Amino acid sequence: MPELPEVETICNAFKKSVTNPVIKEFKIINPKLRWKINNKIPSILKGKRINNISRRAKYIIMDFDDGSIILHLGMTGILRKTSTFPEIFKHDHFMLKLEDDATYIYNDVRKFGSLHWVYDKSKHFLIKNLGVEPLSRLFSKKYLYEKLKNKKTQVKNLIMNQNIVVGIGNIYASEALYDSKIRPNRISSTITISECENLVKSIKKVLSRSIKFGGTSIKDYKTLDGKSGYFKQKLMVYGLEKCQCGEVLIIVKISGRSSFYCAKCQK
Ligand SMILES: [Zn+2]
């Protein structure tokens, strides 16, 4: 599943590749995604200019004068740039053609992605309750400490809670906890302010490094040019057997998801 760094990479690639941001045509190929694509979107978008393309959590947002498109890549969503008269493949869901004939097609094998048109994105149900961006200044040790200090939940669950901080999935949560030497199953209220500071730094470090390398790809993730952004070898604990210190890693299930940690390096 694309996580924040992958979405950031795709979003940046998409933004960079757009030279004429006026929409010539939007075509629904197969409306069946997590939510059915609104059949009014083609007429709404025709002739509109994309003012900005940005990422919020794991959503790619296209802003127009009077509204926004919110795109989520789900588990297997891929946006590919293609030729003027593109070949349509199985699992293609929509096509976006710009004034200069640059054409983008969204493909999603497992159909967990979504596309919404909204007049006010800040009020949309997918956006309105989202927590802070992990790479922003709002995500600070003070902020995290306030969220952690009275909670009985395990710390890994807390940092993966999208209402607190967005875009930290299973892989990056495991990696950041390893980097900050904190066990994933620690009770949140036992985390000290200095551990909090380290955890915030580690989250920012792990995500930034991943964005720099073009996103981690476990499966199904492709950048806009179809190249895989794979850098699994950079991971320190997720999916591995041994820690760098030589210790065999422990795997625990937290909320049904595998969490890896080193009993020697993480307290
Ligand atoms: Zn270790």
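Residues numbered from 1 in each chain as written. Predicted model: local features only at pLDDT ≥ 70, side-chain atom pairs only at ≥ 80, totals over all residues.

**Student:** Explain the overall build of the protein chain to me, please; I cannot follow it from the model alone.
**Tutor:** Summing up its helical and strand segments, the protein chain has six helices and 10 strands in all. For the protein chain, the residues scored as buried account for 34% of the 267 residues in total. The contacts in the protein chain between residues at least 6 apart in sequence include a share of 66% that link residues at least 24 apart. (Helix = DSSP H or I, 4+ residues; strand = E, 2+ residues; numbered from the N terminus. Buried ≥ 20, exposed ≤ 12 C-beta atoms within 10 Å, placed from the backbone. Contact = placed C-beta atoms within 7 Å.)

**Student:** Explain the domain arrangement of the protein chain to me, please; I cannot follow it from the model alone.
**Tutor:** It is common to give the size of an interface as the accessible area that goes away when the parts come together. Its domain assignment divides the protein chain into domain 1 (4–123) and domain 2 (141–234). Taken over C-alpha atoms, the centre of domain 1 sits 27 Å from the centre of domain 2. (Domains from an automatic or database assignment.)

**Student:** What's the story with helix H6 (residues 193–212) in this structure? I'm lost.
**Tutor:** With 20 residues, H6 extends 29 Å from end C-alpha to end C-alpha; this agrees with the ideal 28 Å at 1.5 Å per step. Among the residues of H6, those classed as buried are Glu195, Cys196, Leu199, Val200, Ile203, Val206, Leu207 and Ser210. Seen from one end, H6 has its buried residues packed into an arc of 140°, which puts them on one side. Exposed and oriented more than 90 degrees from the buried face of H6 are Ile193, Ser194 and Lys212. Structurally, H6 contributes buried residues whose contacts are with helix H1 (4–17), helix H3 (141–148), helix H4 (155–159) and helix H5 (170–179). (Expected span 1.5 Å × (residues − 1). Arc of directions from axis to C-beta.)

**Student:** Got a minute to help me understand the nonpolar core in this structure?
**Tutor:** For soluble globular proteins, nonpolar side chains are generally found buried alongside one another. Judged by nonpolar contacts, the single largest core of 53 residues is most densely connected at Ile159 and Ile203. Taken domain by domain, the makeup of this core includes at least three residues from each of domain 1 (4–123) and domain 2 (141–234). (Core = buried A, V, L, I, M, F, W, Y, C linked by C-beta atoms within 7 Å.)

**Student:** What's the story with the sheet that holds strand E4 (residues 67–72) in this structure? I'm lost.
**Tutor:** Pairing between the strands of a sheet comes from backbone hydrogen bonds, and it takes one of two forms, parallel or antiparallel. Taking strand neighbours across the sheet as the criterion, the four strands line up as E2-E3-E4-E8 in an open arrangement whose pairing is antiparallel. Looking along the sheet, the strands with just one partner apiece sit at the ends: strand E2 (52–56) and strand E8 (114–118). Strand-to-strand twist of the sheet, defined as the mean angle between neighbouring strand axes without regard to direction, takes the value 20°. The sheet strands contacting H1 are E2 and strand E3 (59–64), and the helix crosses E2 at an angle near 180°. (Pairing = 2+ DSSP bridges. Axes fitted to C-alpha atoms, helices over the stretch in contact; angles between N-to-C directions.)

**Student:** How do you make sense of the environment of Phe26 when you look at a structure like this?
**Tutor:** Take Phe26: it is sitting in strand E1 (residues 23–28). Put simply, Phe26 and Lys253 are 227 residues apart on the chain and 43 Å apart in space, counted from C-alpha to C-alpha. Once residues within four sequence positions are removed from consideration, Phe26 is found in contact with Ile41, Pro42, Leu45, Lys46, Phe94 and Leu96.

**Student:** Mind showing me how you'd approach the pairing of strand E6 (residues 92–98) here?
**Tutor:** Each regular strand carries side chains that alternate between the two faces of the sheet. Here five bridges tie E1 to E6, and the two strands are oriented antiparallel to one another. Bridge pairing in E6 links Ile23 to Leu98. Pairing analysis gives five bridges linking E6 to strand E7 (residues 103–108), with the strands arranged antiparallel. In the strand pairing of E7, Asp92 is matched with Asn107. Hairpin connection from E6 to E7: four residues lie between these consecutive antiparallel strands, with Asp101 at a positive phi of about 75°.

**Student:** Would you mind showing me how to read the pairing of E7 here?
**Tutor:** The pairing of strand E5 (residues 77–82) with E7 spans six bridges and is classified as antiparallel. Residue pairing for E7: Lys81 is matched across the bridge by Tyr104.

**Student:** For this particular structure, what's the right way to read the sheet that holds E1?
**Tutor:** Here four strands make up an open sheet; going across it, the order is E1-E6-E7-E5 and the pairing antiparallel. Only two strands of the sheet have a single partner each, and these edge strands are E1 and E5. Shown here is a sheet whose adjacent strand axes are inclined to one another by a mean of 15°, direction ignored.

**Student:** Even after reading the chapter, I still don't get the confidence of the model for the protein chain, so can you show me in this structure?
**Tutor:** Close reading of the predicted structure is inappropriate where its pLDDT is low. The predicted model of the protein chain has a mean per-residue pLDDT of 92, with 93% of residues at 70 or higher. Low pLDDT, under 50, characterises residues 229–233; the predicted model gives this stretch 11 contacts beyond four residues in sequence or across chains. (pLDDT = per-residue confidence, 0-100.)

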